[in-house]
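Structure at a glance
Chain residues, written in single-letter form:
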Amino acid sequence: MELDEVVCSCLGVTNGMIKEAVDAGASTLEEVQEKTGAGTVCGACLDDVQNVIEQCVTERDK
Ligand code: FES
């Protein structure tokens, strides 16, 4: 995963920002949205955001 790749272009949220939110304890889309705002504007990135969250949670919890 490229940490500086932008996932949510509305807010410029990167993979790394989502990973940071997950490492800080967020596990669900809602929790990551609270911390980063990802996917809260147009919603087009929601599937991608969800995928990144799942990957990061798996990494974190293994
Ligand atoms: S690209 Fe993420 S809310 Fe628009």
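Just above, that's the structure.
The text that follows walks through the structure, step by step, so that each part is easy to find. Keep in mind the model is a prediction, meaning the values are calculated, not measured.

On to the overall build of the chain. A count of helices and strands for the chain gives three helices and two strands. Going residue by residue from the N terminus, the α and β elements of the chain occur as β-β-α-α-α. Taken against the 2.2 N^0.38 rule, which gives 11 Å for 62 residues, the C-alpha radius of gyration of the chain at 10 Å falls within 12% of a compact globule. Reported as C-alpha extents along the three principal axes, the dimensions of the chain are approximately 30 × 20 × 15 Å. Buried residues in the chain amount to 35% of all 62 residues. Counting contacts in the chain only where the partners sit at least 6 residues apart, residues at least 24 apart contribute 49% of the total.

When the charged atoms of two side chains with opposite charge come close together, those side chains can pair. For the coordinates displayed, the defined rule picks out three salt bridges. The salt bridge involving Lys-19 is made with Asp-23; its shortest N-O contact spans 2.8 Å. Placement of both Lys-19 and Asp-23 in helix H1 (residues 15-23) is noted, with a separation of four residues, approximately one turn of the helix. Among the salt bridges present, the one from Lys-62 reaches Glu-59, with a minimum N-O distance of 3.1 Å.

Our focus in this paragraph is the side chain of Thr-36. Turning to its location among the elements, Thr-36 is positioned in helix H2 (residues 29-36). At 2.8 Å, the side chain of Thr-36 forms a polar contact with the backbone oxygen of Val-32.

Conventions and cut-offs
- Residues numbered from 1 in each chain as written.
- Predicted model: local features only at pLDDT ≥ 70, side-chain atom pairs only at ≥ 80, totals over all residues.
- Heavy atoms only, no water.
- Helix = DSSP H or I, 4+ residues; strand = E, 2+ residues; numbered from the N terminus.
- Rg over C-alpha atoms; globule rule 2.2 N^0.38 Å.
- Buried < 20%, exposed > 50% of the residue type's maximum accessible area, 1.4 Å probe, protein only.
- Contact = heavy atoms within 4.5 Å.
- Salt bridge = Lys/Arg side-chain N within 4 Å of Asp/Glu carboxyl O.
- Polar contact = N/O pair within 3.5 Å; in protein donor to acceptor, adjacent residues only side chain to side chain.

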